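# Residue-level structural notes
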Amino acid sequence: MCGFVGMFKNGSLCDEERLLVSNMSNAIAHRGPDEDKALLFDSLAIAFRRLSIIDLEKGSQPFVYGERYVGIFNGEIYNYLELRDELIREGYEFNTNSEIEVMLTLFSKEGEVFINKLRGMFAFCFYDKEKNTITLGRDPFGIKPLYYMNKGDSVYFSSESKAFYLDPTLDKAKIDKSRLQHYFTYQYVPEPSTLHPDIKILPAGHYMVCDFSAETPVRCEKYYTPVFKPVKSDDFEKKAALLRETVESSVKYHMISDVDVGTFLSGGIDSAVITATASKLNPGIKAFTVAFGVKEYSEMDEASGIAKHLDVEHIKLVGTIEDFKRAFDKVVYHLDFPMADPSTMAIYLICEEAARHLKVVLSGEGSDELFGGYRIYNETLTSSKIYSLPGFVKAPLKLLSKILPNGVSGKQLLYRGTTPLSERYIGNAFIFDEKSKRSILKTCDDSVHFTDITRDLYKDVEGMPGITQMQYVDMHTWLRGDILVKGDRLSMAHSLEVRVPFLDKKVFEVASSLATDEKLSHGTTKYIFRHAFRDLVNEETVMRPKLGYPVPVRKWLKEDLYDWAKDIIVNSGADEYIDKKEALRLLDAHREGKEDNYRKLWVILVFLRWHSMYVGK
């Protein structure tokens, strides 16, 4: 796991631009403390920060391949040894045991389509000196980040967008108001956009070719699309066995490392399966758990029970409100752009602790999206019964859902049952609707709607089961914009590599074939997954619902964090965007117990703090 920055220009780079690349590299030094190296060419400057994991002695980057190619790469290629053996059989020779040499060899042989052979998490930049072109690529699921700016006569790229804010020509005060509007609903800005109109994200499953001599100087191509093909199997046990075999194989691949590997362990089945499987390969593995000192927001007891059952070394961190406050600014800074998931605070702290012990950790992200694990997916079974009613029956039910007071039992069920999925489901978080945004966000535009992001996604899966549609939307929004962002940025803030064995092309092939009743059955989610690993973990874990790094923000904003939050609102410099009076009303209503506003408040607080860091200064 590493990080890189660079600039590619139509013409010769000047000294100021070369210095800028050096400064950009310094901005992401936390991604790779083991080595700092740069290469300068007439039209290209690249710099690399290395966290040594594979081939500690010879895996240095940028890597020069022959007389023609130069490459930098962030991530891990889990099938690189198989690819290397294939190339050796074809007559190719290697001087290192590194992934980057295998990748550049394949690139020299096959061109940009080589990316289809890679199994892993990655972002890369390859320079072809003969053609004077660069090729940028990103893994199928978007595990590793890659930001870029296209300025017409030059292209900037970086593992983290904070590096671009060192560019003196960048107007830091520019904010894409339509994307800010989406942030207030999604709690992040869905890729490929960011809050800054000039900074983009190379989408997951895409590569980009920059050739200033071409008619289209910057060309972006999709090479991977996750396609769900649900097939009801006559042999449930055979399908469950295949699922288990594939997951265990993926964990084995993700254990490949020249340094120690640990796991994150919560109270749920995903991390328990990862830890159990990894511990069979390495009985001395360490498992890490974080919780805050509030009983109803803690998974510590459940995680301890799993660790005891598996007989693994369990390292426990109990965070305090002081830890929370200490971490807040660092979390906002390292996330690059506002991302208002309260679990980020817990993730930052557990990554900080894990980094004191090792360099690599396995985590259970992706299981819910692939196997149907979110509890909200269950609503497709109940709401579909109402939605299938005749229109003359649904019409009064829809009216009733609108006039019933919030909190009344059945209101949400009626709403879901009388509203098409594509008009109400946009992923795992839905914070402000269009009406409530108008009261807090001064720049609201009625022509911008949250469905602008998901409309085309629903077209891709039109006619498929409701849970499949929801999974597809989550994989393209929630997973990429929330889950993987916090996993990468907050681990790399501590120079820690997090690997996600569920997000593997082979695992997805199996998951994509699951039928609805293989995912939602027996009163639980991801049923076949739980069944497949039933013998590996304790029975309580098999059926335990997901919590997901709970943090007591709801409780603390009523008490210890009230003055802290009020201070952020009152002293913010984002009056152009936020109605402070309404923000303070939301805070007071929450403290008094009149409204449960903690998620809305967190969206506001994160944006205000980000604005003061990246725009206000």
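Here the structure is shown first, and the text comes after it.
Residues numbered from 1 in each chain as written. Predicted model: local features only at pLDDT ≥ 70, side-chain atom pairs only at ≥ 80, totals over all residues. Heavy atoms only, no water.

### Section: helix α23 (residues 562–570)
Buried within α23 we find Y562, W564, A565, I568 and I569. Relative to the axis of α23, the buried residues are bounded by an arc of 165° and lie together on one face. Turning to α23, the residues buried within the fold contact α8 (321–334), α22 (553–556), α24 (580–591) and α25 (598–615). (Buried < 20%, exposed > 50% of the residue type's maximum accessible area, 1.4 Å probe, protein only. Helix = DSSP H or I, 4+ residues; strand = E, 2+ residues; numbered from the N terminus. Arc of directions from axis to C-beta. Contact = heavy atoms within 4.5 Å.)

### Observations regarding the pairing of strand β11 (residues 206–210)
Most of β11 is tucked away: 5 of the 5 residues are buried. Across the two faces of β11 the burial is the same, with H206, M208 and C210 and Y207 and V209 all buried. Pairing geometry for strand β7 (residues 133–138) and β11, over 4 bridges, is antiparallel. When the bridges of β11 are listed, L136 appears paired with M208. Across 5 bridges, β11 lies against strand β12 (residues 218–222) in antiparallel orientation. Its bridge partner lying in β12, M208 is registered against C220. (Pairing = 2+ DSSP bridges.)

### Considerations on a nonpolar patch on the surface
There is a patch of nonpolar side chains on the surface, built from L399, L400 and I403 and spanning about 290 Å² of accessible area. The topology assignment puts L400 in helix α12 (residues 391–403). (Patch = residues over 30% accessible without salt bridge, like charges linked within 9 Å, V, L, I, M, F, W, Y side chains within 5 Å. Areas by Shrake-Rupley, 256 points an atom, 1.4 Å probe, with all protein chains shown as cover. Salt bridge = Lys/Arg side-chain N within 4 Å of Asp/Glu carboxyl O.)

### Regarding the sheet that holds strand β15 (residues 313–319)
Spatially, the 5 strands line up as an open sheet ordered β15-β14-β13-β16-β17, and their pairing is parallel. Each having just a single partner strand, β15 and β17 (497–499) make up the two edges of the open sheet. Ignoring which end each strand starts from, the neighbouring axes of this sheet average 30° apart. The pairing of strand β16 (residues 360–362) with β17 spans 3 bridges and is classified as parallel. Directly across from V361, in β17, lies its bridge partner V498. The strands that helix α6 (residues 269–281) touches are β13 (261–264), β14 (286–292) and β16; relative to β13, the one it contacts most, it runs at about 155°. (Axes fitted to C-alpha atoms, helices over the stretch in contact; angles between N-to-C directions.)

### Details of the pattern of salt bridges
Applying the stated criterion across every chain yields a total of 50 salt bridges. Across the pair K117 and E110 runs a salt bridge, and its minimum N-O distance is 2.6 Å. The exposure class of E110 is partly exposed, given its relative accessible area of 24%. Residue D488 pairs with R489 through a salt bridge whose shortest N-O separation is 3.1 Å. The pair formed by D488 and R489 is uniform in burial state, with each residue classed as buried. Shared partners join several salt bridges into a network, and the residues in it are R31, K144, E160, K162, D336, D488 and R489.

### Points about helix α3 (residues 99–110)
Between its first and last C-alpha, α3 extends 16 Å over 12 residues, near the 16 Å set by a 1.5 Å rise per residue. Within α3, 9 of the 12 residues are buried, which leaves it mostly tucked inside the rest of the structure. When α3 is considered as a whole, its buried residues turn out to be E99, I100, E101, V102, M103, L104, T105, L106 and F107. (Expected span 1.5 Å × (residues − 1).)

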